[in-house]
Amino acid sequence: MALRDAYFSKLERKKQAEEAAGRPHDEAYARLKALFHEIMGDRQLLDHILAEVELNGDELQIDPGPIFIRVAVDQAGDYHMTYEIKANDDPEIIDVPVKSIPDIEEAIANLLIQYARQRD
C-alpha cells in the first residue's frame, strides 16, 4: 500500500505542477484572444484601419499593408511583439517591448498611425 500511496501522491503533485506551469500562458493567451475578439467586433475600427486581423495559434497577426504586426505569448505568459516593414529585397523585423495588453494596444495604435494605408 505504501508504494501505491507514494506513487499516486507524486503523480498528483506532478499533474498540479504541470497545470501551474501552464497557467500563466493560458491566462495571457485568454487576454490576447479577448483583444482579438474586441478588434473583430469593432466594425468601425476595422473599416478605418484597412487591415487583415487573425488569431493564428498563440499569435495575433495584423496586416495593414506596409507592415505586418505579430503579437505572441510564450509558455511563461510573456508577450512578444514584432513588426515587419515589408520590402521585396530586404524586409526589416523590429522588436517592440511590451508587457501587457494596454502596452500592446498602444504600440499597435502607434504603428497603425505611422504606417497608415492610403485610402483610395
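Only a predicted model underlies this, so the values are computations on that prediction, with no experimental measurement involved.

Asks: Explain the overall build of the protein chain to me, using residue names and the numbers behind them.
Replies: Within the protein chain, the secondary structure is distributed over three helices and five strands. Counting from the amino terminus, the protein chain carries its helices and strands in the arrangement α-α-β-β-β-β-β-α. In terms of overall size, the protein chain is more extended than a compact globule, its C-alpha atoms giving a radius of gyration of 20 Å where 120 residues would be expected to give roughly 14 Å. Split by element, the accessible area of the protein chain, about 8300 Å² in all, is 52% carbon and sulfur.

Asks: Give a detailed account of the packing of aromatic side chains, specifying residues and quantitative values.
Replies: Counted under the stated rule, the structure contains one aromatic pair. Relative to Tyr115, the ring of Tyr83 lies with its centre 5.9 Å away and its plane at 50 degrees, an arrangement referred to as tilted. Here the residue Tyr83 occupies a position in strand E4 (residues 79–85), and Tyr115 occupies one in the segment after helix H3 (101–114), the gap between them amounting to 32 residues. Summarising the burial analysis for this pair, Tyr83 and Tyr115 share the class buried.

Asks: Let's hear about the sheet that holds strand E1 (residues 52–56): which residues, and what values?
Replies: The pairing of strands in a sheet comes from backbone hydrogen bonds and takes either a parallel or an antiparallel form. Strand order in the open sheet formed by five strands is E1-E2-E3-E4-E5, and the pairing between neighbours is antiparallel. One side of each edge strand has no neighbouring strand; the edge strands of this open sheet are E1 and strand E5 (92–96). Sheet twist, expressed as the average angle between the axes of neighbouring strands with direction ignored, equals 20 degrees. Both strand E3 (residues 67–73) and E4 contribute to a ladder of seven bridges, which runs antiparallel. Paired with Ala72 across the two strands is His80, which belongs to E4.

Asks: Please give an account of the environment of Ala107 that cites residues and values.
Replies: Note on placement: Ala107 falls in helix H3. Residues Ala107 and Met81 lie 26 residues apart in sequence; the distance between their C-alpha atoms is 9.0 Å. Once you skip the residues sitting within four places of it in the chain, Ala107 turns out to touch Met81, Val96 and Val98.

So, how was this worked out
- Residues numbered from 1 in each chain as written.
- Predicted model: local features only at pLDDT ≥ 70, side-chain atom pairs only at ≥ 80, totals over all residues.
- Heavy atoms only, no water.
- Helix = DSSP H or I, 4+ residues; strand = E, 2+ residues; numbered from the N terminus.
- Rg over C-alpha atoms; globule rule 2.2 N^0.38 Å.
- Areas by Shrake-Rupley, 256 points an atom, 1.4 Å probe, with all protein chains shown as cover.
- Phe/Tyr/Trp six-rings, centres within 6.5 Å; stacked < 30°, edge-to-face > 60°.
- Buried < 20%, exposed > 50% of the residue type's maximum accessible area, 1.4 Å probe, protein only.
- Pairing = 2+ DSSP bridges.
- Axes fitted to C-alpha atoms, helices over the stretch in contact; angles between N-to-C directions.
- Contact = heavy atoms within 4.5 Å.

Spatial relationships are all this shows, so hold off on functional conclusions.
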